[in-house]
Each structure stands twice: as structure tokens, then as C-alpha cells.
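Residue-level structural notes
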There are 2 protein chains.
Amino acid sequence: MKKSVFKQYLPILAWGAEYQRETLISDLLAAVIVTIMLIPQSLAYALLAGLPPEMGLYASMLPLIAYAIFGTSRTLSVGPVAVVSLMTASAIGHIAAPGSVGYIEAALLLALFSGLFLLGMGILRMGFLANFLSHPVIAGFITASGIIIAFSQLKHILGVTVSGENLFHLLRALAGEVANTNMYTVAVGLPVLAFLFWVRSGLKPLLMRAGLSDKAAGMLSKTGPVLGIIATSVAAYVFDLGSHGVKLVGDVPNGIPSLQMPNLSNSAWRELLVSAIFISVIGFVESVSVGHTLAAKRRQKITPNQELIGLGAANVAAAFSGGYPVTGGFARSVVNFDAGAVTPAAGMFTAVGIAVAAMFFTPYLAYLPKATLAATIIVAVLSLVDFSILKRSWGYARSDFIAVSTTLFITLVAGVESGVACGVFASLALHLYKTSTPHMAVVGEVPGTEHYRNVNRHKVITHSEILSLRVDESLYFANAGFIEDRIYELLEQNPAVRHVILMCTAVNEIDLSALEALESINHRLSDSGIKLYLSEVKGPVSDVLKKTDFITHLSGEIFLSHHHGVQKILASTAGQESDGVENWNI
Amino acid sequence: MKKSVFKQYLPILAWGAEYQRETLISDLLAAVIVTIMLIPQSLAYALLAGLPPEMGLYASMLPLIAYAIFGTSRTLSVGPVAVVSLMTASAIGHIAAPGSVGYIEAALLLALFSGLFLLGMGILRMGFLANFLSHPVIAGFITASGIIIAFSQLKHILGVTVSGENLFHLLRALAGEVANTNMYTVAVGLPVLAFLFWVRSGLKPLLMRAGLSDKAAGMLSKTGPVLGIIATSVAAYVFDLGSHGVKLVGDVPNGIPSLQMPNLSNSAWRELLVSAIFISVIGFVESVSVGHTLAAKRRQKITPNQELIGLGAANVAAAFSGGYPVTGGFARSVVNFDAGAVTPAAGMFTAVGIAVAAMFFTPYLAYLPKATLAATIIVAVLSLVDFSILKRSWGYARSDFIAVSTTLFITLVAGVESGVACGVFASLALHLYKTSTPHMAVVGEVPGTEHYRNVNRHKVITHSEILSLRVDESLYFANAGFIEDRIYELLEQNPAVRHVILMCTAVNEIDLSALEALESINHRLSDSGIKLYLSEVKGPVSDVLKKTDFITHLSGEIFLSHHHGVQKILASTAGQESDGVENWNI
């Protein structure tokens, strides 16, 4: 079944064509619940990004519609998320002061570049690049980001002014400002923080005791933050907390944003390019991972390259409608999924819900304390913090542990972009280091079979004049010299050897540098009267070797089966066979 | 036999203890010939580096003695070489004007940093890092450098003043200056260029016809450049060419250099650090490659990590004695080897020879035309230019060709450091890309054996309910998702499958990301009633898996032998066996 190009690039044509009344009802219900959850989140994450609260709402309208048209996940909920908001603040904090016109312009540009970069990657089918961000790197990064975000919001709970993009800066700034704590702010912030923590674990059982179903109770408990917002706003109005130094959200413009071209004459744009790439990649990886998980639950599929286009379109939409960089959020997508969303239409309805809220409810936000939003953020991001990956990777493999801990540590002390960059670099460098010093095993025949196994692990039959060496890696430039040295070392230790067979079961490639190393080994062994053979060479490798004259120069030959090769050599020599493991100095 | 730490770090103790009279005579003879060859080369390469000629001589004294003490190659000849001289000019050309005090100070600092970096790498046993510079990258780099060097010397033949560190700059500058050509200079430069070309091919046969042995004729023809130097110096003196605009070497200080600390207060030192790393790595790789080749001819060995220390000591010595970055040179080492050098003492004697020359013969250099030195360089470097690697790699593998051509092209258009950096990046990126999209083969039983081969390449037996899949790569973060997708794709195309066996002969590692992918595959297959098995898991991989609970979660089991696994599954099911290749949609 060949898909049309239209359907490939416009997934909405597929699900839109089959849209039915029951689906509409499910999607509408999910949209209502997600809208209620998304309003406080949008306001809070805009605060985290250092932007006016309405930009959080704007980022939750048009981008959702764009994703619904171009995205392949049926249930992913796109919008402002914590980590991307932190990265946005970090990127534009270098360029302009929070609250300035330049800061807002930079956020729009960042969304534009991020969107164009994602679209470009999608059109060029470069989604595979995200695979180079390993799970340990992502886990370390998310945990560190959660910690930084939580500490960055403490200032709103204490009512002080500090800034810093890594943990050290934040802690030092907080320590210096703690004496200026505003007690009225704390009096709002701490109770709401405690309430929100309780909502996470205590509200659902309470609702269930009140007779709600498990699912309904779960859904309803997600709307807890709205209660906190209403309660603290009322308190701020009644007690006139604003005049006691409690910072309030203040006037939020009413209505939906007008479409505007981002200001490309902003001279900061060059500096934003690299940040846009980081934000795009992190946003994409997180979003695809959420999308995969949800799709698998319903036996659906997402297409990473088309997801790039969906997220790219969402970010371009954010740039033109007064938003800032967006991506698929985990918590909100799970709510959307659990609430029964069937198609991306739920996202469109959510956008409409947010627009309605922006048109009619913004005046009520004037008395909302920022401390309440900060508490919402802290409670949300602490669920991202998960140190278990450190323990798990430590128990599994040192290289994975190093990748996790490098990313975690560098993100904490040097910021988000350095953290991701060092994590990717460390994981790739460790992988390359491992493949450059591959495991090699001298192998012998498992008695009574045609199988050859490591002489150190199994009781096998070997022959003193034959060295059967299994190289557990592709032969390529970074390990060609290492393998060469190892062969000479083994020959020095085993002077009786007259035949060296390289067993190539694990050799998936022989590149030009490795071919030259093999030629040099062949030449040097020939000089010493030792023949070189290869065995079990795979089709693709053999195809490449056949294009060269290596096979004609080879002193020995290439055997399809290692066992038959050994038999052939034994038959052609007067070699005495010996049972059991010999003295292989390895 | 355990080597003492002294002997390990001071190879001179090993060969020095056994030094004999015959060895002395061989080494002395080789030193005389290398000295005669090295004098014009040292002067010429200093010119190429933009440095005063005496610095070339100084770089050929103490560094040779330092290498003789610490180096492991018996016959490597260390000193100024073409490529490193070009890299030196390129590095310090950014910082100071050629001929200025700052330029000379920068050259000394560059030698110091380069030496310290090499020493540090040696002490930390980091010689393996050089393996990441693949042969195609080096070949492309050397060829491009040769071209740039040759064009950079044309100005001396034409008698004009131009500069530029890449081919475009050079060609544009030469085109602009060609009208100012000094005909007297050309009248010196062209004949000497022609003479030197002829020396390379025509002098040796002539000497042999005159009765010299093949070897003696070969040796003597290497001293040809000295003839050119003498002839053109005499001509410059007799015809007073200096007053006709022919640039001469001029006064060269007499004697040997005094030891001096490099000027660390030079503010340019930060900018030199990166260049020092590039120069060190390129110099080390070239030197080790020459050292390996020569050592192999006499069944000797070199130790790359100790070579780092030898070359590091040589560069530190150069920094303290008025030299500039040095390394092992190919042409000169071959001459040293062919002339019968037996131990590094030959290098020490060469240093003495150069010192004698510096004490007594420098006054005679005053009339030496720079055009003569330029001709020496051009003839020497054109032997580095070798485009055959382009053809060879094209015929072998696209990835090798891309690595060669990227390095060649970027070096030519953007300079030496960019060229090496892009080459290394390209070769690593290509390697990672290949391993991130590994070859996977559905395999079946070769009739009558226990072997399993690709169903597309061999006539094999398969079973419709068993999918035997061989993954031809280690499972790691960059390919975990790719492999997961491929398995689901194959299952969609082959709905009868109830058992999936991943044949792990080529799987040398399973990292944490890949383990999580396997867990997710296992989980998803379980949901569909399909069992997952692994077979032929290697010892090191199995050791790691045993540390996790993956094996207890696994719906199937892990088979030591793929064949026995298939037999066991067949025995436990009512699956009908089928002969020949089935309809595997792959």
C-alpha cells in the first residue's frame, strides 16, 4: 500500500477522513480536561522562561493546531514544557534583560529558528540524528534540568530577585538574598506548595472515597493546580497582598494574539542559532519518546521524520503568534491519552479552549501570585528528578555510568547546553574508545560440534600450529593498529603457529585503513613463513574485499566455515592434533 | 622478562649498553650523509615556516640528541619537516608578521607547547588517540599540504611577495603579483628547479654508469641539492645577483644556539595551544608511521607511547635551543636507514655534524638565493602529492572516498587545521552513521550443517514460525531504535512468526540504551504472543546481561548455539518444517 505524498506530509488527511461522532465526543472531553490543566502550566512555564504570562497561553493555541495538522502522534499534547522553557531562558538570558522588548523578540526568533531547523531536518529525513542522544544522556540531562528549574523557582516562593543558569549561580544568589525574604510571599508560597504536593498523592484517593471512579478521580486530581490558583488569587485580592510585596501576575492582555512576523532585524539572531539547535533536538527527542510510548499502548505508530515536520510547524506557528519554543509534553500528553483523546482533533479543541480562556478569563489573573505559579512548576519538575539511573547504569556498565554522571554534573554546574553537548560527546567518545580496543578471543573447537568458542571460557580443542582468533569488532581505522599489534603479540607468545585464521563472525565492515593493515599483516606473516586466512566473512564484507586484489595476495585463503577451514589446514599438514586446551598465552 | 622503568623510559640504556665499534662506524657514515642532506633541508624548511634560516639548523641539533635518548626507533631521523613547517607558518602567521620578534617567539612557544603536549600524551599512554586519524584522512591531508607548499614556494621562484595559507589565497595573490616577476630570480630558480628534478631521476643512473655501486649512487644522488646550493651561491656572488633584486639568505649568525627559556609572557600563547595540538598529532602520526615501516624491515619494534615521549623531548629541546616544531621526517629517515644507521647514535652524530656546519660554514650561506631553497622544497614536496588514494578509495568504499576527498578539499580551500579537523570529523561521523544503521540479515540453516546464513545469499532452510535475525553490529544507543523498528517491520511482513531469535554473533556490546530497547521489544512481542530469544551471545556481553534482570523477564531464552535453539523450539512446537527459502519479505 503506497501512501500518497499528501497523506505522508499531512497526516490529518488520514484521520480526518474517518472522523466520527463518537470520536468527536471523546476528543472534546479530553480537550476540556487538558485545557484546565494547561492554563496554569502555560502561565507557569512562561514565568520560568522569563516571559510575560500571556506568551504561555499564546504558545498553547496556534502551535497545537499546527501539530494536529502535521504530527503523526494521535495523542501527543504540544505546548510549553519545563525543560524547553528553561533552555529558552538560558539562551535568551545572554542576549537581553528579562522583561525587555529584546527579550521577547529573541524568544520569538528562537521559536522561528527552532521551527525552521526542525522542518529542515524533517524534509531531509535526518530524524536518525536524534539516536545519537543516548538514553543515559537524556536521563542525566532531564534530572539535572529538573533540579535547576526547582531551585530557580525558589526565588518566587521567597519573594526575592535572583538569576543564574546553573546550580552554583543559583545557590550563591539565593544565599545572598535569603535575608530579603518577603514573609507574605512565603505565606502564600509554602501552603500552596504543600497543597500541590498533597494533590499529587492525596487528592485522588479522597475523590475515590467520595465515590468517583478510579479514572475520573485520576483525571480530576490533575486539575488540582487550578484550585490553588483560584484560592491564592482570592487571598491576594482579599488581603491586598500586592501592597505587602507579594508579586502578582498583574494585567494580562485580553484576547487572542494577532499574527506577526518575528523581528528579523534583531541583531541577536546569530547568537540564537546554536541555542535553537539544542532546543530543537532536546524537544524532538523528548517528544518522540513520549509519542512512541503512547502510540505503542494503542498499537499505533509515529513517524519520527514526520514528527520533525509536525513540531517544526508548531514552532513556526508559535513564532508568528506571539508564543515561544514548544514541544510535546509528557505529563500533559498522558492526561490527554488517559482522558480518552482519540485523534489530534483533541489538540485543536484544546487550542480553542485556551483561546476562550484568554478572551474571557485573563482579567481574573491580575491577582494571581507568582509564588503560586512557581509552586506549580516545582511540583511538576520534581517528578523529572530521578537519580535511579545513576545506580542502574553503575550496576550495568561503567561507560553508561560515565555518560549519565557527566551529563548530570556538567548540566548542573555549567548549564543546559554544555550539559547536553558534553553528554553526547562523552557517550560517543566512550563508544569509539571501546570499538578502538576490541575484545579478541583465541577460539577452539567445542568437541563434537562445528562451533568455536573462547579458549578461556570453554573446554575446547586447539592445535599448536593453528591460531584461531576471533576479532569481536568491525575492522576500521581506529582499531586496525590495535588488532595488528595483538596478532604479533600472540605470535611472539606462541612460536609454533604456522597458520593464523581470523574468524570474522563479528566483523561487519573492513574499511580501507583496515584493509591496509591486513595487507601489512599478511606480508609480515608471509616473511616469517606463516599463512593468514579469514573465515566466516559476511556477504557485505566479502563483496567489498572482492573488489580489491587482497584475496590474490593473501598467503592463505578465505573459508566460508571456520571449522572446515581448520579441517582443511589439518589435512594438508602433518600437524599433530591435541585434545583439550593448550598453553595459550593470552 | 620485565623491563625496568628506566629502560622503558630511556631506550638509550638498552642500545647504549651494547654499543660496539662496528656500530660506531656504520652510524658515523650514515650521519655524514644525513648531515649533507639535512643542511639544505633545514634552511629550506625554516624558509617555508617563515623563520630565519639558522632556526632550521638549530632545530636539527639538540632535538636530534633528545630523540636519540628517549625515542624507540633505531633509525628515525628527527628534525624540521615540510608539513609541520607549513603548519607552523599557518599557526603563527595569524599572530605576528613573518620576520618580527613576535613571530620567532611564537615559533619557540609552539615547539614548547607541542613538546609538552606530546610528553603529556606519552606519560598518560594516550598514543591510541592517533588511531582516530584514519589512513584516508592522512593521505588526503599530506597530498593537499604538498600542493599548498609547492604553490607557496612559487613566489620565491618568481621573486615576488605573496602570502596565504590556502590554495585560493595563494593563487589569487600570485595572479596579482605575476607582473612584478623578477627575471633574475627566475633565471636562478627555474634552472635549479630543473636540475633538482633531474637529480631525482637522472643522477643515480649517471653515477652508476660512472662505476658506483647501486647503493652508493643512490646515497650520493641525495646530496644533489648541495650542488645546487653551491652553484647558485657562486653565481649570486660572481654576478652580484643581490643588487638585481634576487633575494639572498644574507647574514646567518655563526655558531651554535645558546639555551634560552621561551618567552612565556608572549600574550599570543593561548592562541597557539590549539595549533600545538594539531602539529603534535600530525607530527606524531607521520613519525610513527615512518618508524613502524623502518622497524618492520629489520624486525625491530617501536613503542608509540614512548615515541610520544621521544618526540616531546625533541620539541621541548627545540623550544629551548632556538628551533621550532620538529618530527620524524620520511625522506631523511629512509636515507639514514639506507646509509646503514644502526642506532640512534647516528642522530647524535648528525646533530654534531650540523653544529660543525653552523660554526664554520654559515658565512658561505650569505649569497645563497632563496629561490634555490624554494626549488629544494618544491621538488621535495611534490613527492608527497599522490592522487591515487582518491581512485583507490573510490573503488573500495564510498565512506573512505568521502573521508579522503573531504580532507583534501577542505585542506586546500580552508587550510591545514580545518582540513585535519574536518577529515577526522567526517571519518568518525561516517563510521558512526554506518554503525547506527546496521546490516541485518534474516538467516536460515545451511542444509546438513549447523551454520546459519543470509536467506538472500544462500540456499537455506527456514521455518515460517521462527524469525532468525542476525544483527551485524553491536547494539548501542545509536542503533537501538533502528533495530527495534526493523524487527517490527519484519514481523508485520511475516505474520506467521511466533518466535524471534536474535543471533548475536556480531554483537560485541549491548549498552544500557540497547538493553532498554530489548526490554521494550520483549514486552511488546509478549503482548502479541511472540517469544524473543537470543543466541550465540558472547562471553563479555553475557556477563553484562547476567547482572540485570533482563534474562528473567525474557519471554524466551538465551541459546549458546543458534542451531540448537532452533531445534529446541521446533521440538517444543507443532511447527511444520519447510525446505528451501520461504517468502521472507526483507
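Reading the values: rules and limits
- Residues numbered from 1 in each chain as written.
- Chains lettered and ligands numbered in written order.
- Predicted model: local features only at pLDDT ≥ 70, side-chain atom pairs only at ≥ 80, totals over all residues.
- Helix = DSSP H or I, 4+ residues; strand = E, 2+ residues; numbered from the N terminus.
- Buried ≥ 20, exposed ≤ 12 C-beta atoms within 10 Å, placed from the backbone.
- Contact = placed C-beta atoms within 7 Å.
- Domains from an automatic or database assignment.
- Least-squares fit on C-alpha atoms with pLDDT ≥ 70 in both.
- Nonpolar A, V, L, I, M, F, W, Y, C, P; charged D, E, K, R; others polar.
- Pairing = 2+ DSSP bridges.
- Right-handed = clockwise from strand over helix to strand, strands pointing away.
- Expected span 1.5 Å × (residues − 1).
- pLDDT = per-residue confidence, 0-100.
- Axes fitted to C-alpha atoms, helices over the stretch in contact; angles between N-to-C directions.
- Parallel < 35°, antiparallel > 145°, perpendicular 65-115°, else oblique.
- Left-handed = near helix turned anticlockwise from the far one by under 90°.
- Arc of directions from axis to C-beta.

**Points about the overall build of chain A**
Helix and strand content of chain A: 25 helices and eight strands. Per-residue burial for chain A yields a buried fraction of 54% across its 586 residues. The long-range fraction of contacts in chain A, counting pairs at least 24 apart against all pairs at least 6 apart in sequence, stands at 81%.

**Considering the domain arrangement of chain A**
Where the parts come together, the accessible area they lose is often given as the size of the interface. Looking at chain A, the domain boundaries give domain 1 (5-404) and domain 2 (440-572). Once you take the C-alpha centre of each, domain 1 of chain A and domain 2 of chain A turn out to be 56 Å apart.

**As for the environment of F320(A)**
Residue and element names in this part refer to chain A. The residue F320 is located in helix α14 (residues 304-320) in this model. Taking C-alpha positions, F320 is 5.5 Å from M261, a pair spaced 59 residues apart along the chain. If sequence neighbours within four positions are ignored, F320 has contacts with L259, Q260 and M261.

**Comments concerning the relation of the copies chain B and chain A**
Once turned by 180 degrees and shifted 0.0 Å along the axis, chain B lies on chain A with an RMSD of 0.1 Å. These values place the two chain copies in the arrangement generated by a two-fold rotation axis. Among all C-alpha atoms of chain B, that of A506(B) lies closest to the rotation axis, at 1.9 Å. The fraction of interface residues of chain B whose copies in chain A are also interface residues reaches 100%, indicating that both copies meet through the same surface.

**Details of the interface of chain B and chain A**
At the junction of the two partners, chain B supplies 50 residues and chain A supplies 51 residues. Going through the elements one at a time, α8 (135-158), α18 (388-396), α19 (398-414), α20 (416-436), α21 (477-493), α22 (512-527) and α23 (539-546) of chain B are the ones with two or more residues in the side of chain B that touches chain A. The element contributing the most residues to the side of chain B that touches chain A is α20(B), with six residues. Of the residues that constitute the side of chain B that touches chain A, the class distribution is 17 nonpolar, 21 polar and twelve charged.

**Things to note about the pairing of strand β7 (residues 531-535) of chain A**
Strand residues, when the strand is regular, have side chains that alternate between the two faces of the sheet. Residues and elements named next belong to chain A. For β7, the tally of buried residues reaches four of five residues, placing the bulk of the element in the interior. Strand direction decides the pairing type here: strand β6 (residues 499-503) and β7, joined by five bridges, are parallel. Note on β7: the bridge partner recorded for H499 is K531. In this fold, the crossover linking β6 to β7 by way of helix α22 (residues 512-527) has right-handed handedness. Bridge count between β7 and strand β8 (residues 558-559): two bridges; the pairing is parallel. Among the inter-strand pairings, L534 is bridged to a residue of β8, identified as I558.

**A look at helix α8 (residues 135-158) of chain A**
Because each turn of an α-helix spans 3.6 residues, side chains separated by three or four positions end up pointing in the same direction. Between the first and last C-alpha of α8(A) there are 35 Å, a value that for 24 residues agrees with the 34 Å anticipated at 1.5 Å per step. At the C-terminal side of α8(A), G159(A) shows a positive phi close to 75 degrees.

**Topic: the confidence of the model for chain A**
Here chain A shows a mean pLDDT of 89. Residues at 70 or above account for 97%. Counted against residues more than four places away or in other chains, residues 575-586 of chain A, with its pLDDT under 50, gives 24 contacts.

**A closer look at the pairing of strand β3 (residues 440-445) of chain B**
All names here are of chain B. By the criterion of burial, β3 is predominantly enclosed, with six of the six residues buried. In this structure, β3 lies alongside strand β5 (residues 466-471), joined through three bridges in antiparallel fashion. Residue pairing across strands places V442 opposite L469, the latter belonging to β5. With three bridges connecting them, β3 and strand β4 (residues 452-454) associate as antiparallel partners. For E445, the partnering residue across the bridge sits in β4 and is Y452. Following β3, the chain reverses through six residues before pairing antiparallel with β4; G448 in that reversal takes a positive phi of roughly 85 degrees.

**Looking at the sheet that holds strand β6 (residues 499-503) of chain B**
Pairing is mixed in the open sheet, where six strands are placed in the order β4-β3-β5-β6-β7-β8 (chain B). The open sheet terminates on both sides in strands that have one partner only, identified here as β4 and β8 (558-559) of chain B.

**Section: the sheet that holds strand β3 (residues 440-445) of chain A**
In space, the six strands of this open sheet follow the order β4-β3-β5-β6-β7-β8 (chain A), with mixed pairing throughout. Two strands lie at the open edges of the sheet, namely β4 (452-454) and β8 of chain A, each paired on one side alone.

**Details of the packing of helix α3 (residues 21-48) of chain A against helix α16 (residues 345-360) of chain A**
All names here are of chain A. In the contact formed by α3 and α16, the axes pass within 8 Å of each other and the chain directions differ by 45 degrees. Comparing the axis directions of α3 and α16 gives the class oblique. Two packed elements cross with a definite hand, and for α3 against α16 that hand is right-handed. Contacts between α3 and α16 pair D27, L28, A30, A31, V32, V34, T35, L38 and I39 from the former with A345, A346, F349, T350, G353, I354 and A357 from the latter.

**Some words on helix α18 (residues 388-396) of chain A**
Residues and elements named next belong to chain A. Where α18 is concerned, the buried positions are I389, S393 and Y396. What you see down the axis of α18 is that its buried residues fit within an arc of 60 degrees, all on one side. Exposed residues lying more than 90 degrees from the buried face of α18 are S388 and K391.

**Thoughts on the environment of A380(B)**
Residues and elements named next belong to chain B. Inspection of the secondary structure puts A380 in helix α17 (residues 370-382). C-beta crowding within 10 Å serves as the criterion here: with 27 such atoms nearby, A380 is assigned to the buried category. In sequence terms A380 and A144 are 236 residues apart; their C-alpha atoms lie 14 Å from each other. If we ignore the near neighbours within four places in the chain, the residues touching A380 are A82 and A331.

**Regarding unusual backbone geometry**
Residues and elements named next belong to chain A. Residue R125 is not a glycine yet carries a positive backbone phi of 55 degrees. As for its position among the elements, R125 is in the loop between α7 (101-123) and α8. Residue R125 is classed as exposed on the basis of its C-beta count, with 11 C-beta atoms lying within 10 Å.

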